[in-house]
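Descriptive analysis of the structure
So the chains spell out like this:
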Amino acid sequence: MHQMDGTADTPELKQLYADFEAESLAPLWTQRDDLMPMAPSPKAVPYVWRWKALYDIARRSGDLVPVGRGGERRAMGLANPGLPGTAYATPTLWCAIQYLGGHETAPEHRHSQNAFRFVVEGEGVWTVVNGDPVAMRRGDLLLTPGWNYHGHHNDTDQPMAWIDGLDVPFSHYADVGFFEFGSERVTDEASPDVSRSERLWAHPGLRPLSGLQDQTSSPLAAYRWEHTDRALTEQLRLEDEGHPATVEQGHAAIRYTNPTTGGDVMPTLRCEFHRLRAGAETPARHEVGSSVWQVFEGEGTVVLGDTEHDVETGDLFAVPSWVPWSLHADTQFDLFRFSDGPIIDRLQFTRTYVPGQRNEDLA
């Protein structure tokens, strides 16, 4: 009897497999392990990018490559070694360091892909989203939901770098992408301290009656560091006082949310911020879906699979689906994280496994 491995030991079987190929067919029995693995088996690999090296390359790119129409952005994508031929950090997430020199302007455009910016250091750049200038400063999360016109202008003589996160790989795979050029510069070159979106939406627990309709993406363009820092600080203080506030001992964390729904800031991207006390560590956990992290401040280690990496301010690392990860803080350890969580949740693929703990979704 012929085994179901695609081998052919008779003329009839050889002809059958030749006919499969001729008719653009592929029998399931020769590829089941690839199509339906026993557990996720990602092609993407865990990987760490060093901020010092990234910034040096970005700076040299700023000296040699002008920003402007055509290429649009001086952005350098983090290319996962397990996904050759792409500039993808994971199969669903794109992450890049973007660099804007003194008094440079990146022209406006818009695209279907959802995007954000996170600032690990510096200030002086305004991102203009649908005509609303939004200041970019250290620790801020700035949103550009899909199909919003946006450009950036640097009001200072000093360069600035930040990270961009987008759902480019997912959008590319699903063939949902559109792109349009906008203004050659930006539609409003003002540099206010507070954007119009913040003036309307950045009041905790308060929703304007003019905005009672739920929105797919958050209408708030900027999530400021002072609010993130205060929330994390108070979680740890409450823990000290014996009240439940942290996700685990010594580990404070927040999720940035859409004020109109309470859900994720954008339909395809989840953004979080984590703070570990010095000496704290997290248990190893496996999660369906992938994520990218950036160390905002402090030093510690991340274990990705079986490999431990020392990381410090600015370093980025990718965690592919189901690859176990854990953190250990040498100092207070602050980390920004983004993931494809909204996609995974809505499609009901969510699954987490922490060895040694009761895991309800695996029961």
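Quick caveat, the model's predicted, so the values are computed rather than measured. (Residues numbered from 1 in each chain as written. Predicted model: local features only at pLDDT ≥ 70, side-chain atom pairs only at ≥ 80, totals over all residues. Heavy atoms only, no water.)

Glancing now at the overall build of the protein chain. On a plain count of helices and strands, the protein chain comes out with 7 helices and 22 strands. Its C-alpha atoms give the protein chain a radius of gyration of 23 Å, near enough to 21 Å, the size a compact globule of 363 residues would have. The principal-axis extents of the C-alpha atoms in the protein chain amount to approximately 75 × 55 × 45 Å. Within the protein chain, buried positions represent 48% of all 363 residues. At a minimum sequence separation of 6, the contacts of the protein chain that also span at least 24 residues come to 73%. Summed over its atoms, the accessible surface of the protein chain is roughly 18100 Å², and 53% of this surface lies on carbon and sulfur atoms. Placing the 30 positive and 53 negative side-chain charges of the protein chain at their respective mean positions leaves the two points 4 Å apart. (Helix = DSSP H or I, 4+ residues; strand = E, 2+ residues; numbered from the N terminus. Rg over C-alpha atoms; globule rule 2.2 N^0.38 Å. Buried < 20%, exposed > 50% of the residue type's maximum accessible area, 1.4 Å probe, protein only. Contact = heavy atoms within 4.5 Å. Areas by Shrake-Rupley, 256 points an atom, 1.4 Å probe, with all protein chains shown as cover. Lys, Arg positive; Asp, Glu negative; His and termini not counted. Charge placed at Lys NZ, Arg CZ, Asp CG, Glu CD.)

In the numbering adopted here, UniProt assigns the feature "domain: Cupin type-2" (unreviewed entry) to residues 101-164 and 279-331. The span residues 101-164 shows a helical share of 0% and a strand share of 59%, and its end C-alpha atoms are spaced 16 Å apart. Helix makes up 0% of residues 279-331 and strand 53%, whereas the separation of the span's terminal C-alpha atoms amounts to 7 Å. (UniProt positions renumbered as here; feature names shortened; annotations may be inferred.)

Summed over the entire model, instances satisfying the criterion amount to 0 disulfides. Cys 271 provides the cysteine sulfur closest to Cys 95, a residue in no disulfide bond, and the two sulfurs are 11 Å apart. (Disulfide = S-S within 2.5 Å.)

This part covers the sheet that holds strand 19 (residues 316-319). Strand order in the open sheet made by the 6 strands is 1-19-16-21-14-13, with antiparallel pairing throughout. On the outer flanks of this sheet lie strand 1 (47-49) and strand 13 (251-255), each paired with one strand and no other. Across the sheet, the axes of successive neighbouring strands diverge by a mean angle of 20 degrees, strand direction being ignored. Pairing analysis gives 4 bridges linking strand 16 (residues 291-297) to strand 19, with the strands arranged antiparallel. Residue pairing in the sheet places Ser 291 in a bridge with Val 319 of strand 19. In this fold helix 6 (residues 225-240) packs onto strand 13, strand 14 (270-276), strand 16 and strand 21 (333-339), with an angle of close to 140 degrees to the strand it touches most, strand 13. (Pairing = 2+ DSSP bridges. Axes fitted to C-alpha atoms, helices over the stretch in contact; angles between N-to-C directions.)

Here strand 3 (residues 94-100) lies mainly inside the structure; 7 of its 7 residues are buried. Both faces of strand 3 are covered, namely the face carrying Trp 94, Ala 96, Gln 98 and Leu 100 and the face carrying Cys 95, Ile 97 and Tyr 99. Note that strand 2 (residues 75-77) and strand 3 share 3 bridges and pair antiparallel. Note that in strand 3 the partner of Ala 75 across the bridge is Gln 98. Relative to strand 10 (residues 160-166), strand 3 is paired through 7 bridges, and the arrangement is antiparallel. Among the inter-strand pairings, Ala 96 is bridged to a residue of strand 10, identified as Asp 164.

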